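Residue strings, one per chain:
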Amino acid sequence: MLYEIKIKVAKEDEKGHQKEVKEHYILDAETHGEAEEIGYKLYGDNPHAKIDVFAVSRSQIREIVNNKEEDKPFFMAVVTQLYIDETTEKEKELKYPMLVCAKDLTEANIFMVQYLKQGYTDMRLDAIKRTKILDYIPYE
């Protein structure tokens, strides 16, 4: 199951001053507790790091389209599937948030269009926006 964690950590800036920053990650874990533990282990090799995992939540993200690449951010794409409700016979929508790693919005759009061409003809791309997620941590 995908979880999102937010961490406060003290880091040194360019001038050598300690500054508290917030970092956002998405990861695979079995439980909230395991997700929190993984968050603390991210800085486990630095015993002097002041770490606070202040938020753990199940992610709404349904799929990660491609692998994270160095110096490229994650974008969240919202894909919508149209279907007819059998009981009411009305058209309805299902929305699927997905993550895609790209250098910019244009490249993210290209990746998502190519992804949807792979047999997802009943889906359309509705939105793409940049996220603050720094990295994806797969389940070990």
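Here's a quick rundown of the structure.

Criteria and thresholds
Residues numbered from 1 in each chain as written. Predicted model: local features only at pLDDT ≥ 70, side-chain atom pairs only at ≥ 80, totals over all residues. Heavy atoms only, no water. Salt bridge = Lys/Arg side-chain N within 4 Å of Asp/Glu carboxyl O. Buried < 20%, exposed > 50% of the residue type's maximum accessible area, 1.4 Å probe, protein only. Helix = DSSP H or I, 4+ residues; strand = E, 2+ residues; numbered from the N terminus. Contact = heavy atoms within 4.5 Å. 1 Å grid on protein atoms, 1.4 Å probe; cavity = no way out; pocket = protein on both sides within 12 Å on 5 of 7 lines; lining within 4 Å. Points joined across faces, edges and corners; volume = space filled by probe spheres on them. Nonpolar A, V, L, I, M, F, W, Y, C, P; charged D, E, K, R; others polar.

## A short note on the pattern of salt bridges
Summed over all chains, the structure comprises nine salt bridges. Measuring nitrogen to oxygen at the nearest pair gives 3.1 Å for the salt bridge that ties Asp85 to Lys92. Residue Lys92 is classed as partly exposed on the basis of its relative accessible area of 33%. Salt-bridge contacts for Asp126 lead to Lys95; the nearest nitrogen and oxygen are separated by 3.3 Å. With Asp126 in strand E7 (residues 123-130) and Lys95 in strand E6 (residues 91-101), this pair connects stretches of sequence that are 31 residues apart. Here the salt bridges share partners, and the residues they tie into one network are Glu93, Lys95, Arg124 and Asp126.

## Notes on the environment of His32
Tracing the sequence through the fold places His32 in helix H1 (residues 32-41). The class of His32 is partly exposed, set by a relative accessible area of 38%. In this structure His32 touches Tyr3, Val56, Ser57 and Arg58, once residues within four positions along its chain are discounted.

## Some words on the layout of surface pockets
Rolled over the atoms, a probe as big as a water molecule pinpoints where empty space is left. In this structure, the largest pocket occupies an estimated 160 Å³ of space. What lines the largest pocket is Asp28, Glu34, Glu37, Ile38, Lys41, Leu42, Ile137, Pro138, Tyr139 and Glu140. In terms of residue count, H1 provides more of the lining of the largest pocket than any other element does, four residues in total. Considered class by class, the residues forming the lining of the largest pocket number five nonpolar, no polar and five charged.

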